[in-house]
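Fold and contact review
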Amino acid sequence: MRVLGGPRRFGLGKQRTDVICALRAVVRTASYEVPFYRDTWRAAGVDPALVRSPADLIRLPVTTKAALLARPGAALRDGRSRRTRIRSHTSGSSGVPVTVEMSRPEAVYRSLLYYRALQRNGCLSLPLTIVDVGPIPTDRRRGWAERAGLVRLVRLPATMSIGEQIERLRGVRPGLVEGYPTCLDLLAEALEEQGIASIRPRLVAARGEVLHRETRERLRRVFSCRIADYYNTEEVGNVAWECPEDSDRRHVNRDACVVEIVDSEGTPVAEGVEGRVLVTNLYNLTMPFIRYDLGDRAAWIAARGGGRCQCGSTAPSLSPIHGRDDDYLWLPDGRRISPRAAGTLVPKRPSGGYVKGLRRFQVVQESPTDVRVQVVLDVEHDADVRRVIAENITRLHPRLRCEVERVDAIPVDASGKFQKVISHVTPGAGQVR
């Protein structure tokens, strides 16, 4: 099938007509060539041909992570060669990661969009040295930008001790420091305590979690540069960037996606009303994400005079993202561990890959030495799933004890948010609340 509007989905600075063209291409491709959407829309009795603009997306049902996980492989476009696909994994903010696949041109475009978004808050030039703080890499191979000599990437995984992180950081002159706020905060705290003031990037980009004001201030003191929050997801890449003129405003990346804010029924909410964040990826035809529920919450912010922000952007504005906040774990020796270190580590096998059949999990710390992991499992799951999870947790500290409990469901809280890591330990006191 000829894909309509193909070139426009890779356009930069998309205008309304470009967005509409790319959206139609994505929806039409999904309706013909992606089993998940073809079957889901047919069962719902909807006609995807009626989706002619972003306002028409409401005609389609909401796509959830649980629905995608229930049909492995069904969200992939028919007939695409697996050898040409790039794979990444979500952070598992709702408990279990999703494997995201895209073509090489789609992966390059995604990286380009993020680089352009970074430029909104910092003057970055290539080649660029990037220090990535927090993510635990699943693929040790160098990306296309590294192979091309455009980027030098220095990884500081959340599972690496702070001492090792600082040692690796010495001698590096990064243009960009990026990562999860909790991991950035732990690193900055250690640098401040040791009086190390030689790390001077042009920009610190926080992503993946809530960037609290105290963390922002510490990062500014330690790195003496601009600190900016980026709303990034594996399913889209950069969804929105922090306005350089207003830290409470996030501008939607219209080149990458269409964003909807909806209520529990999937109906758009009014400006200023917090709701669920849905995204429709405008460039990934390999594995489309259409009206996909990210599990986050936000609200639309009113446009300023004439629809143009003080920073020059005309893109719609979101409030800071909610629903990405987890607790630190406190180890028996008093150290703090980023929730990303625990949450990302749980479903992984030391040899690589993920345990199979793990639908959702939640880490609950009962005391400085006791951790309980609740798991929801598919009927078909790895027989050693409990042992692997327990060993992953106890690797964080030899005195940690871990109980893995199978449950039928893990509820969200009263606000509809899911917290993946919960600690009942009073910070610094080693006492159960």
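In case you missed it, the structure is sitting above this.
So, here's what we can say about the structure.

Criteria and thresholds
Residues numbered from 1 in each chain as written. Predicted model: local features only at pLDDT ≥ 70, side-chain atom pairs only at ≥ 80, totals over all residues. Heavy atoms only, no water. Helix = DSSP H or I, 4+ residues; strand = E, 2+ residues; numbered from the N terminus. Buried < 20%, exposed > 50% of the residue type's maximum accessible area, 1.4 Å probe, protein only. Lys, Arg positive; Asp, Glu negative; His and termini not counted. Charge placed at Lys NZ, Arg CZ, Asp CG, Glu CD. Pairing = 2+ DSSP bridges. Axes fitted to C-alpha atoms, helices over the stretch in contact; angles between N-to-C directions. Contact = heavy atoms within 4.5 Å. Phe/Tyr/Trp six-rings, centres within 6.5 Å; stacked < 30°, edge-to-face > 60°. Lys NZ or Arg CZ within 6 Å of the ring centre and 35° of its normal. Polar contact = N/O pair within 3.5 Å; in protein donor to acceptor, adjacent residues only side chain to side chain. 1 Å grid on protein atoms, 1.4 Å probe; cavity = no way out; pocket = protein on both sides within 12 Å on 5 of 7 lines; lining within 4 Å. Points joined across faces, edges and corners; volume = space filled by probe spheres on them. Nonpolar A, V, L, I, M, F, W, Y, C, P; charged D, E, K, R; others polar. Right-handed = clockwise from strand over helix to strand, strands pointing away. Salt bridge = Lys/Arg side-chain N within 4 Å of Asp/Glu carboxyl O.

1. What about the overall build of the protein?
Check the secondary structure of the protein and you find ten helices and 20 strands. Projected onto the principal axes, the alpha-carbon positions of the protein cover approximately 60 × 50 × 45 Å. Considering the protein as a whole, with its 433 residues, one finds that 55% of them fall into the buried category. Charged side chains of the protein number 68 positive and 51 negative; the gap between the two group centres comes to 7 Å.

2. With respect to the sheet that holds strand β11 (residues 275-281)
In spatial order, the strands read β10-β11-β12; together these three strands make up an open sheet with antiparallel pairing. Here the strands that pair on one side only, and so sit at the sheet edges, are β10 (257-262) and β12 (292-298). Neighbouring strand axes in the sheet, compared pairwise and without regard to direction, differ in orientation by 30 degrees on average. Where β11 meets β12, four bridges bridge the pair, whose relative direction is antiparallel. In the sheet register, Arg276 faces β12, and the bridge partner there is Arg297.

3. Focus on the environment of Arg152
Within the secondary structure, Arg152 sits in strand β4 (residues 151-157). Residues Arg152 and Leu126, spaced 26 residues apart in sequence, show a C-alpha to C-alpha distance of 9.8 Å. If sequence neighbours within four positions are ignored, Arg152 has contacts with Leu128, Thr129, Ile130 and Val172.

4. Some remarks on the packing of aromatic side chains
Counted according to the given criterion, the structure contains six aromatic pairs. Between the aromatic rings of Tyr37 and Trp41, the centroid separation amounts to 5.2 Å while the plane-to-plane angle is 50 degrees, which identifies the pairing as tilted. Taken together, the residues Tyr37 and Trp41, both in helix α2 (residues 35-44) and four residues apart, mark about one turn of the helix. Judged by its relative accessible area of 0%, Tyr37 falls in the buried class. The buried category is assigned to Trp41, whose relative accessible area is 3%. An aromatic cluster is defined as three or more aromatic residues linked by ring pairs; in this entry it consists of Phe10, Tyr109 and Tyr283. In this structure, Arg336 is placed above the aromatic ring of Tyr328, and the distance from its NZ or CZ to the ring centre is 4.4 Å.

5. Things to note about the side chain of Ser423
Tracing the backbone through its elements, the reader meets Ser423 in strand β20 (residues 421-423). A polar atom in the side chain of Ser423 sits 3.0 Å from the side chain of Gln365.

6. Looking at empty space enclosed by the protein
Remark: the empty space left among the atoms is shown by a probe the size of a water molecule rolled over them. Within this structure, the stated rule accounts for two cavities of 30 Å³ or more. Estimates place the volume of the largest cavity at around 50 Å³. If you trace the largest cavity, you find it lined by Arg249, His251, Ala303, Arg304, Gly307, Arg308, Cys309, Ser313, Ala315, Pro316 and Ser317. Considering only residue class, the lining of the largest cavity consists of four nonpolar, four polar and three charged. The volume enclosed by the second largest cavity comes to roughly 40 Å³. Of the residues assigned to the lining of the second largest cavity, the class counts are five nonpolar, one polar and one charged.

7. Thoughts on the layout of surface pockets
The computed volume of the second largest pocket comes to approximately 700 Å³. Lining the second largest pocket we find 25 residues, and of these Leu69, Pro72, Pro97, Val98 and Thr99 sit closest to its centre. Counting residues per element, the ones that place at least two in the lining of the second largest pocket are α3 (65-70), β2 (99-103) and β17 (358-367). Broken down by class, the residue content of the lining of the second largest pocket amounts to 14 nonpolar, five polar and six charged.

8. Re unusual backbone geometry
Here the amide bond leading from Leu126 into Pro127 is cis, since omega sits at -5 degrees, within 30 degrees of zero. For Pro127, the position within the fold is in the loop between α4 (104-118) and β3 (128-134). We note that Ser224 has phi near 50 degrees; this positive angle belongs to a residue other than glycine. According to the relative accessible area criterion, Ser224 is partly exposed, its value standing at 43%.

9. A word on the pairing of strand β18 (residues 370-377)
By the criterion of burial, β18 is predominantly enclosed, with six of the eight residues buried. Both β17 and β18 contribute to a ladder of eight bridges, which runs antiparallel. Among the inter-strand pairings, Leu358 is bridged to a residue of β18, identified as Leu377. Connecting β17 to the antiparallel partner β18 that follows it, the hairpin turn spans two residues. In terms of strand pairing, β18 meets strand β19 (residues 401-406) through six bridges, oriented parallel. Pairing of Val373 across the sheet is with Val404, part of β19. Considered for its hand, the β-α-β crossover made up of β18, helix α10 (residues 385-394) and β19 is right-handed.

10. Quick notes on the pattern of salt bridges
Taken as a whole, this structure holds 31 salt bridges when the rule is applied. Notably, a salt bridge pairs Glu192 with Arg221, separated by 2.8 Å at the nearest N-O pair. Taken as a pair, Glu192 in helix α7 (residues 181-193) and Arg221 in helix α8 (residues 213-223) lie far apart in primary sequence, 29 residues in all. Asp229 is the salt-bridge partner of Arg250, the closest N and O atoms lying 3.1 Å from each other. Of this pair, Arg250 sits in strand β9 (residues 246-252) while Asp229 sits in strand β7 (residues 226-233); the two residues are 21 residues apart in sequence, bridging distant segments of the chain. For the pair formed by Arg250 and Asp229, the shared burial category is buried. What emerges from the salt-bridge pattern is a single network uniting Asp185, Glu189, Glu192, Arg218, Arg221 and Arg336.

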